[in-house]
Amino acid sequence: MLKKLLIACVVFCTGVAETRAQAKDYRIHGEIHTVMNTTVSGYIYWGRNLYWTDIFSASKPENPYTHYVNEVVPVAHQFACRFGNIKRIRVIGDNRIELEIRDGHIIELEDWLPSGNRGSLRIEADKETAIAWDLISEIVFSAAPDTAREPADTPITGTVETPHGRYTGIVQWDRDENSLSHVVDGRSGTSGITIAFKNIRSIASSGNSCQVVLNSGREFVLWGENDVDERNRGIVVNMPSVGQVVVGWADFKTFKSIPLNQVNLLKYSDFMSPRRIRGTVELKRGEVLEGVLAYDLDEAMDFELLDGRNGNVAYRIPFRNIRVIEPKNHKYTWLQLGNGGELVLGEERDVTFDNDGILVFDAKGAARYVRWRDVKRVSLPAKEEGNE
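Rules used throughout
Residues numbered from 1 in each chain as written. Predicted model: local features only at pLDDT ≥ 70, side-chain atom pairs only at ≥ 80, totals over all residues. Heavy atoms only, no water. Helix = DSSP H or I, 4+ residues; strand = E, 2+ residues; numbered from the N terminus. Rg over C-alpha atoms; globule rule 2.2 N^0.38 Å. Contact = heavy atoms within 4.5 Å. Lys, Arg positive; Asp, Glu negative; His and termini not counted. Charge placed at Lys NZ, Arg CZ, Asp CG, Glu CD. Buried < 20%, exposed > 50% of the residue type's maximum accessible area, 1.4 Å probe, protein only. Pairing = 2+ DSSP bridges. Patch = residues over 30% accessible without salt bridge, like charges linked within 9 Å, V, L, I, M, F, W, Y side chains within 5 Å. Areas by Shrake-Rupley, 256 points an atom, 1.4 Å probe, with all protein chains shown as cover. Salt bridge = Lys/Arg side-chain N within 4 Å of Asp/Glu carboxyl O. Phe/Tyr/Trp six-rings, centres within 6.5 Å; stacked < 30°, edge-to-face > 60°. Lys NZ or Arg CZ within 6 Å of the ring centre and 35° of its normal. Core = buried A, V, L, I, M, F, W, Y, C linked by side-chain atoms within 4.5 Å. Polar contact = N/O pair within 3.5 Å; in protein donor to acceptor, adjacent residues only side chain to side chain. pLDDT = per-residue confidence, 0-100.

**Q** Explanation requested: the overall build of the protein in the structure shown.
**A** A tally of helices and strands in the protein yields 1 helix and 31 strands. Relative to the globule expectation of 21 Å for 388 residues, the C-alpha radius of gyration of the protein, 22 Å, shows essentially globular dimensions. Considering only residue pairs separated by 6 or more positions, the protein has 63% of its internal contacts joining residues 24 or more positions apart. Of note, the protein has its 47 positive side-chain charges centred 3 Å away from the centre of its 54 negative side-chain charges.

Below you can see the structure in the form of structure tokens.
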């Protein structure tokens, strides 16, 4: 039988204590109101989602835009946004909710239950409590008050390097581990080894193994577990001014840890009031349309996400972080981001000829439909307020 070793590093303990003082600012927090007229306040565990920049997903039962276009066969669309964009969630059916965004606008959704929490929702108050979904009437999100104690979980923050670039933000390893107390599992020699992320300085991939360097300088080559080989399900990075990327193992090169207080992350108060997507659509034949947009006959708010892939890296980008969208052919689209970055994305319907097209509503509310194949360029203006 293999021995199991737990690697501990006393040297880093002081650093963790210093960064934990800020951890509650980035943690999903709120009140759960129950059918028994009780209220529980604390840090919310939404499946594997713990932080305001994590992504909430659900299905849209209806599409209000398809009736404008006879030639398009309606398809089911997904709703996705960061948790920091949500004000409250009201349960109105076995599989249906009303989601209220920060400006009071309400969206009806279904298929919303988080994986891993299908039966109940966990909340960390004085102690961790699980509340059955059937007993929940409403969830109200809010920043943790100054008097709140620090959460049990502190985010893993660092930089992930790939052949396509470097991504810095909150990291979720193997789509699972997302707290400094969580561990990387692997084998070294004849021993099984478990190393907490709070003790890790860097991780470098060698394909079927990883070199793990601790804060103490000690090094291990780990293999034999999905945390450290090609069975890894992907490394998620939530970046404040860009969005979310999921790096597939084939493109992962290195992870380097960065202290929490050295990464510019988003608090609940940093999320701007939502706005309709406004911009100009330039057609290939030269005509330019301006107004409120319904992109892919679906996304209409600037906090909603554009999906696309570049190789083994998947992107989910809020429209408010995008400045220009240019379809290049039936498979790929070029994007310019608000931070000056450029991307070429494909594979998902938002950026290929599977796109259902764009509705442009003029100042009088009249709608004009533009097929995706006729779009030359979509330009979106910058928003001035907030840090998101």
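**Q** Mind showing me how you'd approach unusual backbone geometry here?
**A** At Asp-174, a position not held by glycine, the phi torsion is positive, near 60°. Tracing the backbone shows Asp-174 in the loop between strand S13 (165-172) and strand S14 (183-188). Under the relative-accessibility criterion, Asp-174 is labelled buried at 1%. One non-glycine residue, Asp-296, lies in positive phi territory at about 60°. Using a relative accessible area of 0% as the deciding quantity, one classes Asp-296 as buried.

**Q** It is not clear to me how the pairing of strand S10 (residues 128-132) should be interpreted in this structure. Could you clarify?
**A** In regular strands, side chains alternate between the two faces of the sheet. In this sheet, S10 lies alongside strand S9 (residues 120-124) in antiparallel orientation, the contact comprising 5 bridges. From the neighbouring strand, Ser-120 faces S10, where its bridge partner is Ala-132. Connecting S9 to the next strand, S10, in antiparallel fashion are 3 residues.

**Q** Please clarify how a nonpolar patch on the surface should be interpreted in this entry.
**A** Together, Val-35, Met-36 and Leu-135 make up an exposed nonpolar region whose accessible area comes to about 260 Å². By the secondary structure assignment, Met-36 is in the loop between strand S2 (29-34) and strand S3 (39-45).

**Q** Is there a simple way to think about the packing of aromatic side chains in this case?
**A** Two descriptors summarise a pair of aromatic rings, namely the distance from one centre to the other and the angle between the planes of the rings. In the structure shown here, the tally under the stated rule is 22 aromatic pairs. Ring plane angle 65° and centroid distance 6.2 Å describe the contact between Trp-173 and Phe-255, whose orientation is recorded as edge-to-face. Placement of Trp-173 in the loop between S13 and S14 and of Phe-255 in strand S21 (residues 254-257) is noted, with a sequence separation of 82 residues between them. Side by side, Trp-173 and Phe-255 carry an identical accessibility label, which is buried. Put simply, the rings of Trp-46, Trp-52, Phe-56, Phe-79, Phe-83, Trp-112, Trp-133, Phe-141, Tyr-268 and Phe-303 touch in pairs and so form one group of aromatic residues. Across from the ring centre of Tyr-45, 4.5 Å away, lies the NZ or CZ of Arg-27, which sits over that ring. Over the aromatic face of Tyr-45 sits the side chain of Arg-122, whose NZ or CZ is 4.1 Å from the ring centroid.

**Q** Is there a simple way to think about the nonpolar core in this case?
**A** When a protein is soluble and globular, its nonpolar side chains tend to lie buried together. Formed by 52 residues in total, the largest nonpolar core has its most connected members in Ile-203 and Ile-325. With sequence-adjacent residues up to four places away left out, Ile-325 is seen in contact with Tyr-295, Leu-306, Phe-319, Thr-333, Trp-334, Leu-335, Trp-372, Lys-376, Arg-377, Val-378 and Leu-380. With 30 residues, the next largest nonpolar core counts Ile-139, Phe-141, Phe-271 and Met-301 among its residues.

**Q** Mind showing me how you'd approach the pattern of salt bridges here?
**A** It is possible for side chains of opposite charge to pair when their charged atoms get near one another. Taken as a whole and assessed by the stated rule, the structure comprises 31 salt bridges. The closest approach of N and O atoms between Arg-231 and Asp-229, which form a salt bridge, is 2.7 Å. Here Arg-231 falls in the partly exposed class, since its relative accessible area comes to 47%. What you see here is one network of salt bridges that share partners, running through Lys-87, Arg-88, Arg-90, Glu-98, Glu-100 and Glu-138.

**Q** How should the pairing of strand S28 (residues 342-346) be read in this particular structure?
**A** Both strand S27 (residues 332-337) and S28 contribute to a ladder of 5 bridges, which runs antiparallel. Residue pairing for S28: Gln-336 is matched across the bridge by Glu-342. Where S27 hands over to S28, the hairpin turn is made up of 4 residues, of which Gly-340 adopts a positive phi near 95°.

**Q** Help me out: how do you make sense of the side chain of Asp-54 in this one?
**A** Within the fold, Asp-54 resides in the loop between S3 and strand S4 (55-60). Of the side chains with opposite charge, Arg-27 comes closest to the buried, unpaired Asp-54, at an N-O distance of 7.4 Å. Separated by 2.8 Å, the side chain of Asp-54 and the backbone nitrogen of Leu-50 make a polar contact. Within the local environment of Asp-54, its side chain forms a polar contact with the side chain of Asn-238, the two groups lying 2.7 Å apart. Once you skip the residues sitting within four places of it in the chain, Asp-54 turns out to touch Arg-48, Asn-49, Cys-81, Arg-82, Phe-83 and Asn-238.

**Q** In this structure, what is going on with the environment of Tyr-315? I would like to understand it.
**A** The residue Tyr-315 is located in strand S25 (residues 313-318) in this model. Sequence spacing of Tyr-315 and Glu-348 is 33 residues, and the spatial spacing of their C-alpha atoms is 9.8 Å. If near-sequence neighbours (up to four positions away) are discounted, Tyr-315 is found in contact with Tyr-167, Gln-244, Val-245, Leu-306, Asp-307, Gly-308, Asn-310, Leu-343 and Leu-345. Among the polar contacts listed, one links the side chain of Tyr-315 to the side chain of Tyr-167, at a separation of 2.7 Å.

**Q** How should the confidence of the model for the protein be read in this particular structure?
**A** Averaged over all residues, the pLDDT of the protein is 88; the fraction at 70 or higher stands at 91%. Contacts for the low-pLDDT stretch residues 1-21, under 50 throughout, to residues beyond four places or in other chains number 39 contacts.

**Q** Quick question: what am I supposed to make of the environment of Trp-223 here?
**A** Secondary-structure assignment places Trp-223 in strand S18 (residues 219-223). Note: C-alpha distance between Trp-223 and Gly-186 (37 residues apart in sequence) is 5.2 Å. The residues contacting Trp-223, other than those within four sequence positions of it, are Gly-186, Arg-187, Ser-188, Gly-189, Asn-208, Ser-209 and Val-228.

**Q** Whenever I open this one, the environment of Pro-151 confuses me. Can you help?
**A** Counting through the fold element by element, Pro-151 comes out in the loop between strand S11 (136-141) and strand S12 (156-162). Residues Pro-151 and Asn-95, 56 residues apart in the sequence, show an inter-C-alpha distance of 30 Å.

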